Structure formats: C-alpha cells, structure tokens
Amino acid sequence: MKKITFLIISIFLFVQAAQAKTINIFHTSDVHGSYFAKKAGKVFGDDPERMMGGFATLKAMLKKEKKPYILLDSGDMFQGTPEGIFTKGEASIDYMNKIKYAAAVPGNHEFDYGQLLVVGLAKKAKFPFLAANIYIEGTDERPDWVKPYIVIKKAGKRIAVFGLAGKHTKTASNPKNTIGLDIRDEAAEAKKITAEIKEKENPDAIICIVHLGSDDQFSRQITNELPDYVTEHCRSCRRLFPDREYEEFLPRGVLHIARAARDIDLILGGDYHTGLLHGHQDDVTKIWIGESYQNLMFVSKAELNFNDKTGKLESVNVNMVPLWTDVYGQDKSILKMDAKLKASVDSAMLNKIGYSEGDLSFSPEYLDSKIGNWLSDITREAVGAQMGFQNTGGIRVELPKGDLTVGDMYRVMPFDNTIVTMNMTGKALKRLISESYYEDRAGMQISGLKVEILPARNGKHDFRLYDDSGKLIGDDDTYFVATSNYLADGGQYGAAFKEEGTNVRDTKIGFRDYMIESLKKGNLPEQTTGRYVRISEEAYAAEEAEKAAAAAALEAEKKAAEEAAKAQAKKAKKPAKKRK
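Residues numbered from 1 in each chain as written. Predicted model: local features only at pLDDT ≥ 70, side-chain atom pairs only at ≥ 80, totals over all residues. Heavy atoms only, no water.

**Overview of helix α4 (residues 90-99)**
Next, step 1: Within α4, seven of the 10 residues are buried, leaving the element largely enclosed by the surrounding structure.
Next, step 2: When we look at burial in α4, the residues that qualify are Ala-91, Ser-92, Ile-93, Tyr-95, Met-96, Asn-97 and Ile-99.
Next, step 3: Looking at the buried residues of α4, the elements they touch are α2 (55-64), β4 (69-73), β5 (103-104), α5 (115-124) and α12 (332-349).
Next, step 4: Lys-100 sits one or two residues past α4 and shows a positive phi near 70°. (Buried < 20%, exposed > 50% of the residue type's maximum accessible area, 1.4 Å probe, protein only. Helix = DSSP H or I, 4+ residues; strand = E, 2+ residues; numbered from the N terminus. Contact = heavy atoms within 4.5 Å.)

See the structure below:
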C-alpha cells in the first residue's frame, strides 16, 4: 500500500512539473567576446573590485534555476575582445554549445569576417541561427544556414521563437560582407512570420529575438530605476533628449516591431547596448520588451506565467539580473574552458608595444576625442595623406595612461580593416561631415582639418571646413585623404567616400598592424582635442553682425565713391566762366 501511495504521489509531482505554471526565458545580447568575469568598476556599486559577468557565472546561475527555462541570444557574440577575434567567434559557439543555448540571432558584427564565417559558425552551433528576414537576394528563399523560427517544447508548453537580423547589418558591417543577401524590414517581416506561426503552429507563446533595440531616449523614459551604469557605461543611453517623445523613434527600434506584429508576447532586443532593468510593457500592444545591456554583465530573465486552469499565458514579468560571482559562483567546467582559451591568446596579447603619456579617452562633448585624433592621425601618417578619417563608432574602448599591449590594440580596434586612399573635393568633404554629424555628435574622427559647427537652422547644421594651413576649404578644392576600407566601401556614414571619392586605392596596409608599428616608434605624447568647434548662437550672431557692418561700411564707401565720382563728372561738364 505504501509503495502504491508513493507511486501515486510521484506521478502527481511529475505531472505538476510537466505542467509548470512558469517557464523562464533567459536572454543575453552583445556579449562581444566578453567571456570572463571582470571587475565591476566604481559605477556598479561601492566595491569596484567586485567581480561580475562571464559564462562561468551565467552557467552557475542557470544550475541554481529550479524552474524550466529557455536560453536565447540576440547577436554580436564575439567581436570586441582578443579572445573573440583570435578564434573568429568559434570560442563563442563553444561556450554557447556547452551552456545549451536554444537559439540565437546573427548580429551585424557576426558578418565582419564575411558570410562564409557566419555559415561556419551556424554549422558549428548546436542551436539554430534564427533570422526570418534574411533572404537570398532576388528570391523569397532563405539561406540554408538560417531558420525563420523554431518551436520549443518545454514543460508541456509549445513556445515559438523567431529571429530578426537588423536591417542595418548591410551598412553596420562592411557592405561587401552581405552581398547576395536581402535583409528586409524587421517590422514587416515580424508581422508576416507571426501570422505564419499562429496558423501553422498554434503555440502557447511567441517570442521574438532581434538584433535591434529600443531607442536610448525611450529607454531612459521607461526605466523605473536608473543607476549610474546606464548613464555612464551604456553608450546608447548617452544621448539625452528629455523634451522629445519616444514616438519620434519608433521606426528605429523594437517598438516598431511590437506595433506591427501584435501577436508577439515577448520581444528580446540587442545591438544598442541598452539595459532595461525591469523590462517594459508597451502601452498600446501590451507586448513585453527586454534588453540585456552588453558584455555579459547581466542576463535578462522573463517569466512566462501560464494559468493553471486554462493553460493560457496569463502574464509576463521581465527583469535584468546582474551576474555577481559572489552570489552565484562560477561553474568549474566553464572555468577550465576559460583557462585554456586565455593560455592560447595571452602569449601574443600581453606583449607590451608602447607607452601613452596620457589617457586616450572618448570625448565628453561627443566631438573629436583623444583616442580618435590619434587613430585618424596615424591613418593619415601611414600613407602620407593630407587628411585622415576613422568612424567614431568603430573605436570600441578608451585606454588609460601607461603601458599599451597588443591586446589593447585589439580591444580598441577589433576590426581587420585596411587603409584606403582617394581624392576628395571640398564639396564631398562637407557632405561627409554633414552626413556623419547626428544629434549634436560627430560620427567621424578627423585629422588634417578643422570643422566649425554653425548653429542649427530649421533643425539642420551648416559647417565650415578648414585645412591644416587654416585655409577655408572651397567646393572645388581637392585633397588626398585616407580612411578605412569599411568606410570606403560605404559603411555607416561613408557614402561620400564610396560615391564621390576618385583614384581609390586599397593599400592593403592593415590598420591595426600600423597602430602597433606606430607605438613601437616611441612614447605616444598626450593627445589634444578641438578639431570640431561648436559656434554659439551669440558668437555666430556677433559674427553675422560684424559681416553686416563690414558689408554696410563697404556699401557706404562704394556709395560715397560713386557720389564723389558723379560730383567730379558734373564739375568737369560745367562750362568755364569768360573773362571780361
């Protein structure tokens, strides 16, 4: 009798577990090769030495999880650290296979080494790459290495997960790397694929993972609690426009997807490096949105709560969980992988190559930076160009004063770019500066010229460009310039290079290689800034008034000269008096 009772209780408990009320969704994004735990730093709490993040911590946290869960990622898995770059993303897949991710979206940086690499990573992965909006160009067929969606059976429920690549991948990675692929509008494809999923699968919940985020201004409005790390370290949260409504930005972010495909229950975004501490439920569609910051310091946890009686999804609850090592510990099997990977990379990465006499920092004014000026200077120096350019977004980290290593160069510039030269007119240069200046920030780091930013008129700025000699650059002036192959091929803000540059030549000089060679020549002096200058309304008004006064004085002088000439002419025509 006891055995029968025990058996009945066991069956009852098994059925209860199989029909769990809650299924947890864990989400990461923009790991960027940050595989190991790191010091939190002063902005993350009172103890800057406290350790957080990394796959070993994530695995330890997941082992403590009691409820059934699904682990997902929204892309940009490896680009950003020596370990990620050296292994061309294979280390990311090894970790994700070990931890048993269920699916991932390819981010724009997965394409930085070409399509063949992405295909190879997809084949190595024991989980599917999802991107419903990637098609073979000129067709309605998807490449065989990517799936539009999957249905995961978990605890008696059928959870559909579909993926979306960011349409911006076509320019956010070198455009040559996505030739032959058609990456279609995220919102339109979301609407189409959710309808297909509902009709074919009738799932209990639909989740979208996408390499696209919420606009940073919007994320500030909806974050219930805004700690220092969001404002100080989340680069996408630095643009603050409290007077604007987030609806302005809908086409750029995940809300646009939510408004287009209203049958989604949860959207998990990435790319913008935004962290939504408590998620957000869209007021219009009631869809929940989560984003997980960057560099594997946090994981988003979304609870899908199902009604016990009806079996229907009843509620969603989203929070971002900090991966503190002293809270969760670190998984030993992952730590063994860490040690092996570090040993294979450190021998090359730890070599000292130079010394910086000052901090190589970003610009607090979002204009030219100390690190940006150095990089654009050596771009120019490498080929003897009159001007050098690097895109601000491609410079990934600041560097403190002191010794610099090979690994530092990989962290600053994780892209295998080459230096390209060309000729550009003054008109093309002005177009370049104009198109790369957005929301009062410079998207282009410059060498060999100075830019004056004039006050905006009707929402648009005008610019005055001066060359190294101090000459105001005219439309027809021509200069020999140098930039990266990424920008020369029309990468983000590089359309002017691609469309207006002449005598274009790829020197095949690896830019990062030249960074290393440049540092070996001697200490790097303290860098200065000031290549972009904002002209204030007052200064501009005074300048215009001075010009107007000068023009008026010139006009008055001209008029006086004309009157004098007329008087002289009249005098000359007057007949002479006869003598009596």
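From this point, the discussion proceeds with the structure in view.
**So, the pattern of salt bridges**
Next, step 1: Taken as a whole, this structure holds 32 salt bridges when the rule is applied.
Next, step 2: Between Asp-408 and Arg-411 there is a salt bridge, with the nearest N and O atoms lying 3.2 Å from each other. With Asp-408 and Arg-411 both in helix α14 (residues 406-412), this residue pair falls three residues apart, about one helical turn.
Next, step 3: With its nearest N and O atoms 3.7 Å apart, the salt bridge here joins Glu-517 to Lys-520.
Next, step 4: Accessibility expressed as a relative area gives 52% for Lys-520, which makes it exposed. (Salt bridge = Lys/Arg side-chain N within 4 Å of Asp/Glu carboxyl O.)

**Some details on the layout of surface pockets**
Next, step 1: Each pocket or cavity is described by its volume, and for the second largest pocket that value is around 430 Å³.
Next, step 2: Pro-203, Asp-204, Ala-205, Asp-263 and Asp-265 are, among the 22 residues lining the second largest pocket, the residues nearest its centre.
Next, step 3: In the lining of the second largest pocket, the residues fall into eight nonpolar, six polar and eight charged. (1 Å grid on protein atoms, 1.4 Å probe; cavity = no way out; pocket = protein on both sides within 12 Å on 5 of 7 lines; lining within 4 Å. Points joined across faces, edges and corners; volume = space filled by probe spheres on them. Nonpolar A, V, L, I, M, F, W, Y, C, P; charged D, E, K, R; others polar.)

**Side note on the packing of aromatic side chains**
Next, step 1: With the rule as written, the count across this model stands at 14 aromatic pairs.
Next, step 2: Judged by centre distance (5.4 Å) and plane angle (70°), the rings of Phe-86 and Tyr-410 are edge-to-face. On the criterion of sequence distance, the pair formed by Phe-86 in helix α3 (residues 82-86) and Tyr-410 in helix α14 is long-range, its members being 324 residues apart.
Next, step 3: With a relative accessible area of 37%, Phe-86 lands in the partly exposed category. (Phe/Tyr/Trp six-rings, centres within 6.5 Å; stacked < 30°, edge-to-face > 60°.)

**Concerning the sheet that holds β4**
Next, step 1: The sheet built from five strands is open, its strands ordered β5-β4-β1-β14-β15 with mixed pairing. Only two strands of the sheet have a single partner each, and these edge strands are β5 and β15 (313-322).
Next, step 2: The sheet contact formed by strand β1 (residues 22-28) and strand β14 (residues 298-306) spans six bridges and is antiparallel. When the bridges of β14 are listed, Ile-23 appears paired with Leu-304. (Pairing = 2+ DSSP bridges.)

**Examining the pairing of β4**
Next, step 1: Across the five residues of β4, four count as buried, placing the element largely inside the fold.
Next, step 2: Two strands pair when backbone bridges link them, and β1 and β4 are joined in this way by five bridges, in the parallel orientation. If you follow Ile-25 over to β4, its bridge partner there is Ile-70.
Next, step 3: Strand direction decides the pairing type here: β4 and β5, joined by two bridges, are parallel. Directly across from Leu-72, in β5, lies its bridge partner Ala-103.

**Comments concerning the packing of α2 against α4**
Next, step 1: Look at α2 against α4: their axes get within 11 Å of each other, and the N-to-C directions meet at 10°. By the angle class used here, α2 and α4 are roughly parallel. Along the contact surface, α2 presents Phe-55, Lys-59 and Leu-62, while α4 presents Tyr-95, Met-96, Lys-98 and Ile-99.
Next, step 2: Among the residues making up the contact of α2 with α4, the classes are represented as five nonpolar, no polar and two charged. (Axes fitted to C-alpha atoms, helices over the stretch in contact; angles between N-to-C directions. Parallel < 35°, antiparallel > 145°, perpendicular 65-115°, else oblique.)

**Comments concerning the nonpolar core**
Next, step 1: Ranked by size, the top nonpolar core spans 69 residues in total, and within it Phe-55, Phe-129, Trp-145 and Leu-375 carry the most contacts.
Next, step 2: Breaking this core down by element, the ones donating at least two residues are α2, α4, α5, β9 (181-183), α12, α13 (370-383), α14 and α18 (511-519).
Next, step 3: In contact with Leu-375, other than residues within four places in its own chain, are Gln-390, Ile-395, Val-412, Met-413, Phe-511 and Met-515.
Next, step 4: Within the second largest apolar cluster, 28 residues are counted, among which are Met-387, Met-422, Ala-442 and Leu-449. (Core = buried A, V, L, I, M, F, W, Y, C linked by side-chain atoms within 4.5 Å.)

**Some details on helix α15 (residues 426-436)**
Next, step 1: Every buried residue of α15 is listed here: Gly-426, Ala-428, Leu-429, Leu-432, Ile-433 and Ser-436. Along the axis of α15, the buried positions cluster into a sector of 160°, meaning they face one direction only. (Arc of directions from axis to C-beta.)

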